[in-house]
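One-letter residues, chain by chain:
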Amino acid sequence: MSIQPEIPVSHPWNLAELTQVPKVIPVPEMNQGDIQAIYIEGEPYQGKPTRVFAYYGLPETSTDTKVPAVVLVHGGGGTAFYEWIKQWTERGYAAIAMDLEGHLPLDKDSEGKRPQHEWSGPSRQGEFGDYALPIEEQWMYHAVAAVIRAHSFLRSLDKVDSDRVGIHGISWGGIVTEIVSGVDDRFVFSIPVYGCGYLYDATNKYGEGFARMPEATAEKMKQLWDPSAHLPRITMPMLWVNGDDDQHFPLHLFSRSYETARNQRNESLLSIQFGLGHSHVKGWSPKEIYAFADQMVRGGKPLVQLVEQGESEGQAVVRFNQPIKKAELRYAIDTSDWFKMNWEIGEAQIDPQTHEIKADIPRGAKSYFILVTDEQDFIVCSSLQHLA
């Protein structure tokens, strides 16, 4: 296993510039009803100015009260989904979604590509395949800058409460969200789905991407673009959401990322959704996402917090802070392949007096966690524990 990279002394983004309200150009012919289309001024690319296409929307309200807001970050093959914005505006949030690869949110062609506009910057080149280019020409540099600029624009709107803006990203957007959360501390919550850090330890295309690099370059890329280098800087509460058998982001690295970021905020939560699948629509579907956002910015009923995890006399022990409906142990006997995991179910006992959950750890278990369902049917989990 690779050693976690040290926290970088500095990052490459000019926050003094990115946190200013960016120049915006309306694109009225692309509007979707009340959802507005714009170009946001981007970072220069190969000596030329760029723009980032975005949609943004505001909720319908009958008062002048300012509303909370969220920045939405798409994953691979995604774009500025106005449908995603509607998921939030219908819940009373303002929202913005950008296309981070220089595309317009139009139908894909026969090769599965969306049309590119004339002010586009770089597109993503596989798994950090542009590592040999100057930093300012690499996709991740532009993607993170675009998200921060979109945040600066959204919080500048008269109707938006700038003290109640969060960020939510899916897959590659989860990776970007985690980096942004460690760079831009103006957010008050962060919700990555699927994407995680420690990608250089993954036994799939992500780990292979780092392995293809010269050793010195790989170390540099870990410091720049792997979320693990930025997670210790995160100061806002986070909700980490993943499926039980995601084929891109394995649970042991996902849980490790959650634990690293949670060192700063105990309010952060992990929610492992069995049978979730992997797509944008599936990634924005878990109801815990919206409940967590409401908890952070609207005084919504909080999700269960699991604390003081440990083991005692062959039992897993977890404490909880409010009434729950159900708890169970999920454990795996074979962890040789994190992309082919079989999570078995074990009984767990809830003691409402001591606020403890206890579960016997089966003989031969190599990894386990406690899954809890609260009285609102929201799911939260303890972090994964690994046994020799």
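In the block above lies the structure referred to throughout.
Residues numbered from 1 in each chain as written. Predicted model: local features only at pLDDT ≥ 70, side-chain atom pairs only at ≥ 80, totals over all residues. Heavy atoms only, no water.

Trainee: If you had to explain the overall build of the protein chain to someone new, which residues and values would you point to?
Mentor: When its secondary structure is counted, the protein chain shows nine helices and 18 strands. The C-alpha radius of gyration of the protein chain comes to 21 Å, within 12% of the 21 Å expected for a compact globule of 388 residues. Each of the 388 residues in the protein chain was classed as buried or not, and the buried ones make up 58%. Taking the intrachain contacts of the protein chain between residues at least 6 apart in sequence as the baseline, contacts between residues at least 24 apart amount to 69%. If you sum the accessible surface of the protein chain, you get close to 16400 Å²; carbon and sulfur atoms cover 46% of it. Separation of charge centres in the protein chain, based on 35 positive and 52 negative side chains, amounts to 1 Å. (Helix = DSSP H or I, 4+ residues; strand = E, 2+ residues; numbered from the N terminus. Rg over C-alpha atoms; globule rule 2.2 N^0.38 Å. Buried < 20%, exposed > 50% of the residue type's maximum accessible area, 1.4 Å probe, protein only. Contact = heavy atoms within 4.5 Å. Areas by Shrake-Rupley, 256 points an atom, 1.4 Å probe, with all protein chains shown as cover. Lys, Arg positive; Asp, Glu negative; His and termini not counted. Charge placed at Lys NZ, Arg CZ, Asp CG, Glu CD.)

Trainee: How would you summarise the packing of helix H3 (residues 139-156) against helix H4 (residues 172-183) if you had to cite specific residues and measurements?
Mentor: A pair of packed helices is characterised by two quantities: the angle between their axes and the separation of those axes. Between H3 and H4, whose axes approach to 10 Å, the crossing angle comes to 65°. When the interaxial angle is binned, H3 and H4 end up roughly perpendicular. For H3 against H4, the interelement crossing comes out right-handed. In this structure, H3 uses Trp139, Met140, Ala143, Val144, Val147 and Ile148 to contact H4, whose residues at the interface are Trp172, Ile175, Val176, Ile179, Val180 and Val183. The residue inventory of the contact of H3 with H4, partitioned by class, reads 12 nonpolar, no polar and no charged. (Axes fitted to C-alpha atoms, helices over the stretch in contact; angles between N-to-C directions. Parallel < 35°, antiparallel > 145°, perpendicular 65-115°, else oblique. Left-handed = near helix turned anticlockwise from the far one by under 90°. Nonpolar A, V, L, I, M, F, W, Y, C, P; charged D, E, K, R; others polar.)

Trainee: How would you explain the nonpolar core if you had to name every residue and give the values?
Mentor: Generally speaking, soluble globular proteins have nonpolar side chains that are buried together. Ranked by internal contacts, the top residues of the largest apolar core, which has 128 residues, are Val71, Trp88, Ile96, Met98 and Met140. Among the elements that make up this core, the one with the highest residue count is H3 (12 residues). Ignoring any residue separated from it by four or fewer positions in sequence, one finds Val71 in contact with Ile96, Met98, Val147, His151, Leu154, Val165, Gly166, Ile167, His168 and Phe187. (Core = buried A, V, L, I, M, F, W, Y, C linked by side-chain atoms within 4.5 Å.)

Trainee: Outline helix H6 (residues 215-225), supporting the account with residue identities and numerical values.
Mentor: Of all the residues in H6, the buried ones are Ala218, Met221, Lys222, Leu224 and Trp225. Where the residues of H6 are buried, they touch H3, H4 and helix H5 (205-211).

Trainee: Quick rundown of the environment of Ala94? Include the residues and the values.
Mentor: By the element assignment, Ala94 lies in strand E5 (residues 94-98). In this structure, the C-alpha to C-alpha distance between Ala94 and Val165, residues 71 residues apart in sequence, is 8.9 Å. If sequence neighbours within four positions are ignored, Ala94 has contacts with Gly57, Leu58, Pro59, Val67, Pro68, Ala69, Val70, Leu154 and Val160.

Trainee: Account for the packing of aromatic side chains, naming residues and giving values.
Mentor: Inspection of every chain in the model, using the stated rule, returns 22 aromatic pairs. Taking the centre distance of 6.3 Å and the plane angle of 70° together, the rings of Tyr198 and Tyr200 count as edge-to-face. Tyr200 matches Tyr198 in its accessibility class, with the two residues each being buried. An aromatic cluster is built from Phe128, Trp139, Trp172, Tyr198, Tyr200, Tyr206, Phe210 and Phe249, whose rings are joined through pairwise contacts. In this structure, Arg51 packs its charged tip against the face of Trp119, placed 4.0 Å from the ring centre. Its guanidinium or amino end placed over the ring of Tyr290, Arg91 lies 3.7 Å from that ring's centre, counting from NZ or CZ. (Phe/Tyr/Trp six-rings, centres within 6.5 Å; stacked < 30°, edge-to-face > 60°. Lys NZ or Arg CZ within 6 Å of the ring centre and 35° of its normal.)

Trainee: How would you explain the pattern of salt bridges if you had to name every residue and give the values?
Mentor: Counting across every chain of the model gives 14 salt bridges. Glu219 is the partner of Lys222 in a salt bridge, and the nearest nitrogen-oxygen pair spans 3.0 Å. Of this pair, Lys222 and Glu219 both sit in helix H6, separated by three residues, roughly a single helical turn. What makes Lys222 buried here is its relative accessible area of 8%. A salt bridge links Lys326 to Glu328; its shortest N-O distance comes to 3.6 Å. The class for Lys326 is partly exposed, based on a relative accessible area of 45%. The structure contains a network of salt bridges with shared partners spanning Glu17, Glu43 and Arg149. (Salt bridge = Lys/Arg side-chain N within 4 Å of Asp/Glu carboxyl O.)

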